[in-house]
Number of protein chains: 2
Amino acid sequence: MADDDESRDLTCPVPHQAGGLVQLAHGGGGRAMANLIDDLFGKAFANPLLNARHDGATFDPGGRIAFTTDSYVVRPLFFPGGDIGTLAVNGTVNDLTMCGAMPLYLSVGFIIEDGLPMADLERIVISMREAAAAASVTIVTGDTKVVECGKADGLFINTSGIGRLIGDHAIGPRAVRPDDVVIVSGDLGRHGIAVMAARENLGFESAIESDCAPVVDPCLALMEAGIAVHCLRDLTRGGLASALVEIAETAGIAITLEEDAIPVRNDVRAACELLGFDPIHVANEGRFIAFVDKVDAERALAILKEHEVSQGAVIAGSVQASTEGQVTLQNAFGSTRAVDMLSGEQLPRIC
Amino acid sequence: MADDDESRDLTCPVPHQAGGLVQLAHGGGGRAMANLIDDLFGKAFANPLLNARHDGATFDPGGRIAFTTDSYVVRPLFFPGGDIGTLAVNGTVNDLTMCGAMPLYLSVGFIIEDGLPMADLERIVISMREAAAAASVTIVTGDTKVVECGKADGLFINTSGIGRLIGDHAIGPRAVRPDDVVIVSGDLGRHGIAVMAARENLGFESAIESDCAPVVDPCLALMEAGIAVHCLRDLTRGGLASALVEIAETAGIAITLEEDAIPVRNDVRAACELLGFDPIHVANEGRFIAFVDKVDAERALAILKEHEVSQGAVIAGSVQASTEGQVTLQNAFGSTRAVDMLSGEQLPRIC
């Protein structure tokens, strides 16, 4: 279309790239899209279900399943410790895990801005392939759209996922009970700070890498050990605070958090102070909380510590009966303050 | 963040809207996002699975399933015969149907541009609720992201879907055989022309409405009648031509299409001539092709004609053995020409 071509010429300087650039035709449903799918996505993600080249993948998931979706709009696309592709696989793998499921299959939907260097797309696709292999999931179906230059921001990725539920009991906010303890799986805030530093060129990005990682192994290990996990929640946007408040409100219970028990690396704490952030509000991409009965607490902690991604796990809080959901932070001196979700926007496009 | 606020002030004039505007905080994982989810999505899509407020939905799909995904980037968001919400539900419902599945569950991922009028989002969400009800599917899990003004184009929606496979035999390109006939389910080109007209203000938009609709009922009726449907394919981006070429290449067969049999409304044909489009390349959102053995052809046609969405079904082509996939268009005088996929971009952002 003439108007799109003109606007591209005017507003989108085209850097010289050996591998070329993604163009509108790559999303047009014709030959260029078929070639992109065959040459890049088909080769990188090759598996029998994807290779069927149909409108969707067909399989038997084998009983009760979890189904989840997330769109990823992180800026910049590449950051210390990962990129949007790593994030898009691990984020959805972790959401399935939080439902008490073994992640099995992912879909991927790309929304690409006209002019994205093909080399960037290739690098991200390779990251997705590697992250999928590491988490033992298969990318079985996909979709590609291309929008005009200036109508997106490089690349957005949606992944949806299907996993097979492991246990018979419901894992979720409504299963949380008084006398549960809250286990935090490791140090908080690295993903948010790493992305923020890469975005704003704050100078400490080399030291702080995102914690982006799949957490499926330690969570499945808890369930396989017969520990009654009442709720799991990954600590992404809004961080630990927002996750706890949402669970407290949904479950109608009170949660008390021990401030000194919450693990935060010194460099992350310093960066948070510099930026005016509270680490319990900062996003993570490889951290979760587990609610288990206090009688199971020490055994659960020992299991989590056996896995690298959760070797820093600690018991950081406890659940009390309450008629209204509330979260309280208690410090070493016994003083307390109420914890709320973020009320504004702290870190847009962190995932 | 300061820089985002500044760029918003400078570049995004904020129209006065009674219902307000979507803001970055609505995607931040905090209180504003929780309120948006509760007040809009939660109320519009309310169902027990969604209401669980967990990282995903859990259920038993009951055996073999189809799993599919599509992102929707149509411009403009509203067009004669539908909007991006209608499209996002029907498109994924139809993809599941094309796999031979009864659509059951959808996920929805919103990527919203800061500044989108809340009234527009509400209208689109209501469209999705109505389309889901019409197709008997349930929206069970979702995700919301907001990006800065100028970094998206109003709204992008991803829907992924799960359906239960109906028959035991594989439905797909590789099941197509010589002696199959190609049934086209109705007149072609209305969606593409309706969106194009709305976008470019071409003046004939009032007469041509998108064909956007769920095609699940006639397709299930074919299968329930015991007709061996070898392949189904909806005729979206790239139109009839691209669908046939992809199937011919995947199956390694030849397809001959009778030009005079292909149904195109006169007003659509006139618009195509004006715009320089071939109707067999134009996108549809409520049209599909079915490959069935020629002995089943008349019975299949009669079943399709019983459903409003496919009452214009015709036999428009046939399959021949071939060592290489090819599609040929034959006119009433017996002359033929090869059909290919679109080689460039005809109608960007048609779905």
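Residues numbered from 1 in each chain as written. Chains lettered and ligands numbered in written order. Predicted model: local features only at pLDDT ≥ 70, side-chain atom pairs only at ≥ 80, totals over all residues. Heavy atoms only, no water.

Where do I start with the overall build of chain A in this structure?
In terms of regular secondary structure, chain A is built from ten helices and 14 strands. Since a compact globule built from 351 residues should have a radius of gyration of about 20 Å, the 21 Å found for chain A is in line with a globular shape. C-alpha atoms of chain A, sized along the principal axes, occupy 65 × 50 × 35 Å. Across the 351 residues of chain A, 62% fall into the buried class. The long-range fraction of contacts in chain A, counting pairs at least 24 apart against all pairs at least 6 apart in sequence, stands at 86%. When the accessible area of chain A is evaluated, it comes to approximately 12,400 Å², of which 49% is carbon and sulfur surface. The averaged location of the 48 negative side-chain charges in chain A is 3 Å from the averaged location of its 25 positive side-chain charges. (Helix = DSSP H or I, 4+ residues; strand = E, 2+ residues; numbered from the N terminus. Rg over C-alpha atoms; globule rule 2.2 N^0.38 Å. Buried < 20%, exposed > 50% of the residue type's maximum accessible area, 1.4 Å probe, protein only. Contact = heavy atoms within 4.5 Å. Areas by Shrake-Rupley, 256 points an atom, 1.4 Å probe, with all protein chains shown as cover. Lys, Arg positive; Asp, Glu negative; His and termini not counted. Charge placed at Lys NZ, Arg CZ, Asp CG, Glu CD.)

Mind showing me how you'd approach the interface of chain A and chain B here?
Many analyses report the size of an interface as the accessible area lost when the parts associate. Counting residues at the interface gives 89 residues for chain A and 89 residues for chain B. Each partner contributes to the roughly 6,700 Å² buried at the junction of chain A and chain B, and carbon and sulfur atoms together form 53% of this total. Along the contact surface separating chain A from chain B lie 16 salt bridges. The shortest N-O distance in the salt bridge between Arg-237 of chain A and Asp-143 of chain B comes to 2.9 Å. Across the contact surface, chain A and chain B share 35 residue pairs in polar contact (both at pLDDT 80 or more). (Buried area = accessible area lost by both parts, 1.4 Å probe. Salt bridge = Lys/Arg side-chain N within 4 Å of Asp/Glu carboxyl O. Polar contact = N/O pair within 3.5 Å; in protein donor to acceptor, adjacent residues only side chain to side chain.)

I'm lost on the relation of the copies chain A and chain B in this one. Help?
Two chain copies, one operation linking them: a rotation about an axis together with a shift along it. Here chain A sits on chain B after a turn of 180° about the axis and a move of 0.0 Å along it, with an RMSD of 0.0 Å. On this basis, the relationship between the two copies can be described by a two-fold rotation axis. Of the C-alpha atoms belonging to chain A, the one lying closest to the rotation axis is found on Ala-152 of chain A, 2.1 Å away. Most of the interface of chain A is mirrored in chain B, where 100% of its interface residues are also at the interface. (Least-squares fit on C-alpha atoms with pLDDT ≥ 70 in both.)

Would you mind going over the nonpolar core with me for this structure?
Proteins that are soluble and globular tend to have nonpolar side chains buried together. Residues Phe-45, Phe-110, Leu-121, Leu-155, Leu-240, Ile-289 and Phe-291 of chain A are the most contacted members of the largest nonpolar core, which totals 104 residues. Setting aside residues no more than four positions away along its own chain, Leu-155 of chain A makes contact with Tyr-72, Leu-77, Ile-84, Phe-110, Ile-111, Ile-112, Leu-116, Leu-121 and Ile-124 of chain A. (Core = buried A, V, L, I, M, F, W, Y, C linked by side-chain atoms within 4.5 Å.)

What exactly am I supposed to notice about the sheet that holds strand S2 (residues 65-72) of chain B here?
Each strand in a sheet pairs with its neighbour through backbone hydrogen bonds, running either in the same direction (parallel) or in the opposite one (antiparallel). One open sheet accounts for five strands, arranged S1(A)-S2(B)-S7(B)-S5(B)-S6(B); its pairing is mixed. One side of each edge strand has no neighbouring strand; the edge strands of this open sheet are strand S1 (57-59) of chain A together with strand S6 (138-147) of chain B. Strand-to-strand twist of the sheet, defined as the mean angle between neighbouring strand axes without regard to direction, takes the value 15°. Across eight bridges, S2 of chain B lies against strand S7 (residues 155-165) of chain B in antiparallel orientation. Directly across from Ala-66 of chain B, in S7 of chain B, lies its bridge partner Gly-163 of chain B. In the packing of helix H2 (residues 31-45) of chain B onto the sheet, contacts are made with strand S5 (101-113) and S6 of chain B, and the angle to S6 of chain B comes to roughly 145°. (Pairing = 2+ DSSP bridges. Axes fitted to C-alpha atoms, helices over the stretch in contact; angles between N-to-C directions.)

When you look at unusual backbone geometry in this model, what are you seeing that I'm missing?
Residues and elements named next belong to chain A. Going from Arg-75 to Pro-76, the amide bond is cis rather than trans, its omega being 0°. With respect to the helices and strands, Pro-76 occurs in the loop between strand S2 (65-72) and strand S3 (78-79). Even without being glycine, Asp-179 reaches a positive phi, approximately 80°. Mapping Asp-179 onto the fold places it in the loop between strand S7 (155-165) and strand S8 (180-184).

It is not clear to me how helix H7 (residues 216-224) of chain B should be interpreted in this structure. Could you clarify?
In an α-helix, one turn spans 3.6 residues; hence positions three or four apart end up facing the same way. Residue and element names in this part refer to chain B. Of all nine residues in H7, seven are buried, a share of seventy percent or more. Of the positions making up H7, those classed as buried are Val-216, Pro-218, Cys-219, Leu-220, Ala-221, Leu-222 and Met-223. Phi turns positive one or two residues past the end of H7, at Gly-226, with a value near 80°.

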